[in-house]
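Inside the fold
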Amino acid sequence: MDREHLTSAPMAEFLRSARTRLTPQEAGLDDPGLGRRRVAGLRREELAQLAGVSVDYYTRLEQGRSRSASTEVLDALATALHLDDAERSHLHTLARPRPARRRRPRPQRVHPATWDLLEALQQTGRPAFVLGRRLDVLAHNPLAGRLITDFRALPAAERNQARFVFLDPHARELYRDWTRVAADTAAMLRLDAGRHPDDPALSALVGDLSIRSEKFRRFWSDNRVHRRTTGTKDYHHPLVGDLTVTYQALTPADDPDQILFIYSTRPGSPSETSLRLLAQWSSESASTGSVTARAPGTHD
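In this report, we go over the structure that sits alongside the text. (Residues numbered from 1 in each chain as written. Predicted model: local features only at pLDDT ≥ 70, side-chain atom pairs only at ≥ 80, totals over all residues. Heavy atoms only, no water.)

Of regular secondary structure, the chain possesses 15 helices and seven strands. Within the chain, contacts between residues at least 6 apart in sequence are counted, and of these 61% link residues at least 24 apart. (Helix = DSSP H or I, 4+ residues; strand = E, 2+ residues; numbered from the N terminus. Contact = heavy atoms within 4.5 Å.)

This part is about the pattern of salt bridges. As enumerated under the stated definition, the model contains 14 salt bridges in all. Between Glu62 and Arg44 there is a salt bridge, with the nearest N and O atoms lying 2.9 Å from each other. With Glu62 in helix α5 (residues 55–62) and Arg44 in helix α4 (residues 44–51), the pair connects residues that are 18 residues apart, well separated along the chain. You can call Glu62 buried: its relative accessible area is 0%. Since its relative accessible area comes to 26%, Arg44 is described here as partly exposed. Ionic pairing is found between Arg60 and Asp56, a salt bridge with its closest N-O pair at 3.2 Å. With Arg60 and Asp56 both in helix α5 and four residues apart, the pair spans about one turn of that helix. The partly exposed category is assigned to Asp56, whose relative accessible area is 49%. Because the salt bridges share partners, they merge into one network encompassing Arg19, Arg44 and Glu62. (Salt bridge = Lys/Arg side-chain N within 4 Å of Asp/Glu carboxyl O. Buried < 20%, exposed > 50% of the residue type's maximum accessible area, 1.4 Å probe, protein only.)

Another point: the packing of helix α2 (residues 10–21) against α5. At a minimum axis distance of 7 Å, the contact between α2 and α5 shows a crossing angle of 115°. In contact with Met11, Ala12, Leu15, Arg16 and Arg19 of α2, α5 contributes Tyr58, Leu61 and Glu62. When its residues are assigned to classes, the contact of α2 with α5 shows five nonpolar, no polar and three charged. (Axes fitted to C-alpha atoms, helices over the stretch in contact; angles between N-to-C directions. Nonpolar A, V, L, I, M, F, W, Y, C, P; charged D, E, K, R; others polar.)

What follows covers α4. Taken residue by residue, α4 has Glu46, Leu47, Ala48 and Ala51 as its buried positions. Contact partners of the buried residues in α4: α2, α5 and α6 (71–80). Directly beyond the C-terminal end of α4, a positive phi value near 75° is found at Gly52.

With that out of the way, let us pick up the environment of Ala48. Tracing the backbone through its elements, the reader meets Ala48 in helix α4. With a relative accessible area of 1%, Ala48 lands in the buried category.

Time to look at the pairing of strand β3 (residues 137–140). Looking at chain direction, strand β2 (residues 128–131) and β3 are connected through three bridges and run antiparallel. Across the sheet, the residue bridging to Leu131 is Val137, located in β3. Where β2 hands over to β3, the hairpin turn is made up of five residues, of which Arg134 adopts a positive phi near 65°. (Pairing = 2+ DSSP bridges.)

Structure representation (structure tokens):
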């Protein structure tokens, strides 16, 4: 797959998909003819009216025939489309694409302080891992490896969260709500594509996943974006059974393209007991070597 898959009128595609997902009722429109519609989403003229722009101008934006949209217009469209903060930011990013890179980006490296934090979290029984560009898994502590999968044991090219979710059969058994996890994963990758439209490795990843996973093709075509901050995730682990974790996503100060995920469980819950048991096994397996292997922390 070539760069066109990521860069062909991305703002137009995003606007069109967001418009077709928003129903007139959700937009607050009162139309006696709603029941006779052939599609559920907003019409172009309705969105233009809600955003306070002309139908012709909005049509040119959605057809990719105009790339000149002011901040005020973008904010008006975002409000009319009920976009969340991540989607609003994504729309502004697509409207102001970065100049094409002339040089290959520098490899991502996990800062020593982040490695130390991963080890400290291991000692407190908390799984933690670092994702980089393209959802590459840059590092994780042994407990995260026990809970999800040991990415350190995989070839460097396969240490990627999206590849794991869509291509590894273990992922479908591990995540109790695999469909939601898969949709969010594709949406996170779409957000990354908006920030780095000229990344050939990202284009190659999207192409490979599109070829090998019908589910990925469907979620990717939805054109949704997602930024993880906090939330919960449900697992069905082969060793300790069902457990629910709460996650928090943090951005290390030295690299805005890295995300540190920290998992925890509710005190006194069965999930806490399960995680403690998993942590005990993880500590026993790591007792013969370093708590957190540092070799995988570099990625192009």
